[in-house]
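Geometric and topological summary
Listed here are the chains, written in short residue letters.
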Amino acid sequence: MIMAEIENQSEGTREPLFEGDTGTLTFEERQLLVTLLRGPYLLRSEKPHLWDVLINSREKILSYLNDLFLTLVQDTDLGIAFCRQAATGELQAPPLLRQFTLPFLDSVLIVEMRDRLLSAQAQGEQAYLSGEEIEEILRAFDPVSQSNEKLFKTHVNAVVTRLQRRKLLLRLNDVANLYQVSLVLSLVFNAEEVQALKDAYARKLLQPAAVLNEESIEEASGEL
């Protein structure tokens, strides 16, 4: 009953949602805004009701994001939306989204994931990686794989956990040890950023193993 009353109220007569509320967004619009700000992204297949809100209130939501020096990335075909820091040029706008560094092995796997995703999309298919494939990809880039298999598997598990946390790698519950590459990877990294990652870890490979294990490569868009 309360929700129905809120939905039926016009912009000019909307009642506060809580004591002291001076906001102008509806309950659903606020849900959407919080979802976008919390990230990492909104997926239409997971939250179709919020996707509908985005379609109907896109300009209003975008205006609120712009007030925070953020912009909206939305792909209707893929059913994915997320916010990222706006390119403000020389204007020193305070960043809102948390920036993070991308560890070396994470960057290696992400580049491979994106390549496989683009290849699969060209065929109208989804991209998948098994746990065994992930290990083989990372084995060539992790020096400890030659001397300490247990430690290497620990590294692999850490990479998978971090990418799952950012919803870049999605575990398939009905298939053991199989992961789906998130469609968002085709939007987060453009060709130039991927090439920069490839160049960066190519340079890392020329460094001593001890340095390779300790250093990180900074992610270009680092907001997911």
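With that settled, the discussion passes to the nonpolar core. Core analysis: the largest hydrophobic core is formed by 38 residues, its most contacted members being Leu109, Met113, Ile134, Leu138, Leu163 and Leu185. Sorting the residues of this core by element identifies β3 (80-85), α4 (104-122), α5 (131-139), α6 (149-165), β7 (178-181), α7 (185-188) and α8 (191-204) as the ones contributing at least two each. Here this core gets 9 residues from one element, more than from any other, and that element is α4. In contact with Leu138, not counting residues within four places along its chain, are Leu105, Val108, Leu109, Phe152, Val156 and Val159.

Attention now goes to α4. In this model, α4 (19 residues) spans 28 Å end to end at C-alpha, consistent with the 27 Å of a helix rising 1.5 Å per residue. Along α4, the residues that are buried comprise Phe104, Leu105, Asp106, Ser107, Val108, Leu109, Ile110, Val111, Met113, Arg114, Leu117 and Ala120. Looking at the residues trailing α4, positive phi occurs at Gly124, about 70 degrees.

What follows is about the packing of aromatic side chains. Aromatic ring pairs are defined here through the distance separating the ring centres and the angle between the ring planes. Evaluated as defined, the whole model comprises 1 aromatic pair. Its end group placed over the ring of Tyr41, Lys167 keeps NZ or CZ at 5.2 Å from the ring centre.

Here the focus is helix α3 (residues 48-67). Maximal helix bending in α3 amounts to about 85 degrees, located at Ser57. Leu50, Trp51, Val53, Leu54, Ser57, Ile61, Leu62 and Leu65 are the residues of α3 that are buried. Following α3 by one or two positions, Phe69 adopts a phi angle in the positive range, close to 60 degrees.

Conventions adopted
- The residue numbers shown here count from 1 along each chain, following its written sequence.
- Given that this is a predicted model, residues contribute local features only at a pLDDT of at least 70 and side-chain atom pairs are listed and counted only at 80 or more, while totals for whole chains, interfaces and linings are drawn from all residues.
- Heavy atoms from the whole structure form the basis of all side-chain values; hydrogens and water molecules are not counted.
- Put simply, a nonpolar core is a bunch of buried Ala, Val, Leu, Ile, Met, Phe, Trp, Tyr and Cys residues held in one set by side-chain atoms that sit within 4.5 Å of each other.
- Type-normalised accessible area, obtained with a 1.4 Å probe on protein chains alone, sets the label of each residue: buried when under 20%, exposed when over 50%, and partly exposed for intermediate values.
- Only DSSP runs of H or I covering at least 4 residues are called helices, and only runs of E covering at least 2 are called strands; the numbering of each starts at the N terminus.
- We call two residues contacting when some pair of their heavy atoms lies within 4.5 Å.
- Any helix carries an expected span of 1.5 Å times its number of residues minus one.
- Here a pair means two rings of Phe, Tyr or Trp (six-membered ring of Trp) with centres within 6.5 Å. Their orientation is stacked below 30 degrees between planes, edge-to-face above 60, and tilted elsewhere.
- Criterion for a charge above a ring: Lys NZ or Arg CZ within 6 Å of the ring centre, and within 35 degrees of the ring normal.
- Note that bend, as reported per residue, equals the angle between axes fitted to the 7 residues terminating at that residue and the 7 residues originating from it.

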